[in-house]
Amino acid sequence: MMKILVCISNVPDTTTKITFTDNNTQFNTNGVQFILNPWDEIALARAIELADGGKGTITVINVGDAATDATIRKALAIGATDAVRINAKPKDAWYVAYQIAQYVKANPFDLILTGKESIDYNGSKVAGMLGELLDIPSVSIIKKLDLDGGTAAVEREIEGGKELLTIPLPFVAGTAEGVAEPKIPNMRGIMSARTKPLTVVEPIAVETFSNIIGYETPAPRGKVTLVYAGSPAQLVELLHTQARVI
Amino acid sequence: MSVLIYAENAGGKFKKSTFEAVSYAKDIADQNNTSLIAISIGDVAAGDLAALGQYGAEKVLNVSNAKLKDFVNQAYASVIAEAAKAQGADIVVLSNSFSGRGLAPRIAVKLQAGLADGVVELPAQDGGKFTVKKTAFSGKAFATVELSSAVKVISLTPNAYKVVPNGTDASVEDFSVENKESDFKAMIKDIVRSTDKVSLPDAEIVVSGGRGLKGPENWGMVEELAELLGAATACSKPVSDAGWRPHSEHVGQTGIAVSPNLYIAIGISGAIQHLAGVSSSKVIVVINKDAEAPFFKVADYGIVGDAFEVLPKLIAAVKEYKTTA
Ligand SMILES: Cc1cc2nc3c(=O)[nH]c(=O)nc-3n(C[C@H](O)[C@H](O)[C@H](O)COP(=O)(O)OP(=O)(O)OC[C@H]3O[C@@H](n4cnc5c(N)ncnc54)[C@H](O)[C@@H]3O)c2cc1C
Ligand SMILES: Nc1ncnc2c1ncn2[C@@H]1O[C@H](COP(=O)(O)O)[C@@H](O)[C@H]1O
């Protein structure tokens, strides 16, 4: 039986208008709906496909406080076998990767999946840090993932192309679009999610080296300059002489 | 103390994003009155290595070894971390490219360093505090991160920093590291590059199409405009979901984030998830037949009109401009 671990993060819904409080030092969570990170949905969906037919079990793991339980239950409803929550606010990617690595050292897995990035802090950091901490290979942005026994065949995104790799298990895969289609929980999944095991583990103290001290939103653009549809030549002129981008 | 920049190559050639990162690292070195050392891994021509000096590198470490010809994440991370130690580098800079995003976290762990990813500005170093600005919430905001470790790793967003050629050629030295066997577990079977196309994350101009273009058969116009402008092509999510265009072209919050000098959006409504990935473009042009489309609110220039009428005229106008310019 193959053991798959899927790392999941709890992030603001993609429609969220991002604002800040406390003199722009805190993200304003007021009225914000939190969801399972879209990339992690892809990771989970691929894990379910790979484990299908009794080939494996899927554990989802999250570093977060009790507020993330709803997102964890969603992952269980989609099809994870069980869940682990490391009971701490995720201070930064290093902190998250460290906690997960400690858990994995005590509870080994054959394959570890993360999303390519979390849509809040967009680090693409956890996969690589986890690989390094566990001294196993990691590929941060994967477009395709297949298994052949103990070896994975992987397609990695590169600028203007792709790279094909083979990697012995265990390794860490950061999944992107193309790996799988997200799965929607069905009624049976939602019912059974309530009784699937969710283990809460206390964190291990560790020093962190990065800290967000403030936020800002992009400066608003000036008013749009409209060009008459019949004369795009005028647009070309403006892009050349005024905007100086062509 | 010094600054180390990893000069990434693609198929043996340095990319624009590499020159940006070298220029950026040079300015950090200047902030700290120290020197900039570059490291290159793979097969790069001697002249190209020395030319990194023109962007500010004082010395270039050249790691050329058959096993390291292609990007092997773990092995490259070991080499760069060892070089940082050997050179006493306390700041390591990389480009936040696809490969950079695989490398930077591993290097940071090896060096016990704080990592700032997707950085868009020079760090501020006042009163002993080291802070740097990065994109957050998929381009909907910026965060200022303080790094408190002795060694710091910074990955720079492509297109966020100007290339400044100023220096002269650098001296090139060979450098090598004994890699562990386990650094080579992942094996590259093949690299497929679409050489005829401008790569989307690096592109200075992006021409992007949405559902308003009705179907894949209408992308000829988009490609023609892109080719004339030396631009990359992109699309909205429903377009790649429908299979009209490949996933690698999908931009936005759940696609690729881009920040070109010019982003031209054709038949795209401007949903919040789309804007998240493109709003840091320097200039935005929107072509949409609906004057109420939300995209116009964040555009610099707009044409309210039917893409099927506007695009052929725009293509003709660009051709005209190209022949007279
Ligand atoms: C979790 C989640 C994540 C998402 N992530 C992304 C993402 O990363 N990127 C992304 O793009 N979307 C994303 N979306 C989808 C997003 O919400 C929008 O649905 C999508 O961006 C709309 O694509 P569109 O503008 O091409 O199509 P539409 O919204 O259908 O807009 C088509 C536009 O074309 C115009 N038009 C029609 N005909 C013509 C014509 N002949 N000439 C000119 N204009 C014409 C219309 O006026 C309209 O404005 C996400 C959604 C969700 C729920
Ligand atoms: N708090 C968390 N708990 C568990 N996994 C996480 C957490 N934060 C991030 N991850 C995982 O790491 C991936 C990349 O996140 P990041 O490096 O923050 O962009 C996400 O897609 C998740 O799979």
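Notes on the structure in this doc start here. (Residues numbered from 1 in each chain as written. Chains lettered and ligands numbered in written order. Predicted model: local features only at pLDDT ≥ 70, side-chain atom pairs only at ≥ 80, totals over all residues. Heavy atoms only, no water.)

Structural notes on the overall build of chain B
Point 1. Looking only at helices and strands, one finds 8 helices and 17 strands in chain B.
Point 2. For chain B, the spread of C-alpha atoms along the three principal axes comes to 60 × 45 × 40 Å.
Point 3. Out of the 325 residues belonging to chain B, those deemed buried represent 62%.
Point 4. For chain B, contacts bridging at least 24 residues in sequence account for 66% of all contacts bridging at least 6. (Helix = DSSP H or I, 4+ residues; strand = E, 2+ residues; numbered from the N terminus. Buried < 20%, exposed > 50% of the residue type's maximum accessible area, 1.4 Å probe, protein only. Contact = heavy atoms within 4.5 Å.)

Observations regarding the sheet that holds strand β16 (residues 283–288) of chain B
Point 1. The sheet built from 6 strands is open, its strands ordered β15(A)-β17(B)-β16(B)-β15(B)-β13(B)-β14(B) with parallel pairing. One side of each edge strand has no neighbouring strand; the edge strands of this open sheet are β15 (225–226) of chain A together with β14 (232–235) of chain B.
Point 2. Relative to strand β17 (residues 301–304) of chain B, β15 of chain A runs parallel, the two sharing 2 bridges. Across the sheet, Leu226 of chain A pairs through a bridge with Gly302 of chain B, a residue of β17 of chain B.
Point 3. Across the sheet, helix α6 (residues 232–241) of chain A touches β15 of chain A together with β15 (262–266), β16 and β17 of chain B, and the angle it forms with β17 of chain B is around 175°. (Pairing = 2+ DSSP bridges. Axes fitted to C-alpha atoms, helices over the stretch in contact; angles between N-to-C directions.)

A word on the sheet that holds strand β6 (residues 56–64) of chain A
Point 1. Across the sheet, 10 strands lie side by side as β13(A)-β7(A)-β6(A)-β1(A)-β8(A)-β12(A)-β9(A)-β10(A)-β11(A)-β12(B); this open sheet has mixed pairing. Each edge of the open sheet carries a strand with a single partner, namely β13 (198–201) of chain A together with β12 (187–193) of chain B. Each strand axis lies, on average, 30° off the axis of its neighbour in the sheet, ignoring direction.
Point 2. Both strand β11 (residues 161–168) of chain A and β12 of chain B contribute to a ladder of 6 bridges, which runs antiparallel. For Leu164 of chain A, the partnering residue across the bridge sits in β12 of chain B and is Asp190 of chain B.
Point 3. The sheet contacts of helix α2 (residues 69–78) of chain A involve β6, β7 (82–87) and β13 of chain A, and relative to β7 of chain A the element is tilted by about 160°.

Description of the packing of aromatic side chains
Point 1. Counting across every chain of the model gives 15 aromatic pairs over all chains.
Point 2. Taking 4.4 Å as the distance between ring centres and 5° as the angle between the ring planes, the aromatic pair formed by Phe20 of chain A and Tyr215 of chain A counts as stacked. Of this pair, Phe20 of chain A sits in strand β3 (residues 20–21) while Tyr215 of chain A sits in strand β14 (residues 210–216), and the two are 195 residues apart along the sequence. Each member of the pair, Phe20 of chain A as well as Tyr215 of chain A, is classed as buried.
Point 3. Through a chain of ring-to-ring contacts, the aromatic side chains of Phe20, Phe27, Tyr121 and Tyr215 of chain A together with Phe137 of chain B assemble into a single cluster. (Phe/Tyr/Trp six-rings, centres within 6.5 Å; stacked < 30°, edge-to-face > 60°.)

Topic: helix α3 (residues 73–86) of chain B
Point 1. If you check α3 of chain B, its first and last C-alpha atoms are 20 Å apart, about what 14 residues at 1.5 Å a residue would give, namely 20 Å.
Point 2. The buried fraction of α3 of chain B amounts to 11 of the 14 residues, a majority that puts the element mostly inside the structure.
Point 3. Where α3 of chain B is buried, its residues meet β9 (138–148) of chain A together with β1 (2–6), β4 (36–41), β5 (59–63), β6 (89–95) and α4 (98–110) of chain B.
Point 4. Once α3 of chain B ends, the next one or two residues include Gly88 of chain B, with phi positive near 60°. (Expected span 1.5 Å × (residues − 1).)

Thoughts on the site of ligand 1
Point 1. Taken together, 27 residues lie near ligand 1, and Ser236, Thr254, Ser269, Gln273 and His274 of chain B sit nearest.
Point 2. Residues lining ligand 1 come from chains A and B.
Point 3. One of the side-chain nitrogen or oxygen atoms of Lys214 of chain B is found 2.8 Å away from a nitrogen atom of ligand 1.
Point 4. One nitrogen or oxygen atom from the main chain of Ser269 of chain B is found 2.7 Å from an oxygen atom belonging to ligand 1.
Point 5. Against a free-state accessible area of 990 Å², the protein chains account for coverage of 78% of ligand 1.
Point 6. Sorting the residues of the shell around ligand 1 by element identifies α6 (237–241), α7 (272–278) and α8 (307–324) of chain B as the ones contributing at least two each.
Point 7. Grouping the constituent residues of the shell around ligand 1 by class yields 6 nonpolar, 15 polar and 6 charged. (Near = heavy atom within 4 Å. Polar contact = N/O pair within 3.5 Å; in protein donor to acceptor, adjacent residues only side chain to side chain. Areas by Shrake-Rupley, 256 points an atom, 1.4 Å probe, with all protein chains shown as cover. Nonpolar A, V, L, I, M, F, W, Y, C, P; charged D, E, K, R; others polar.)

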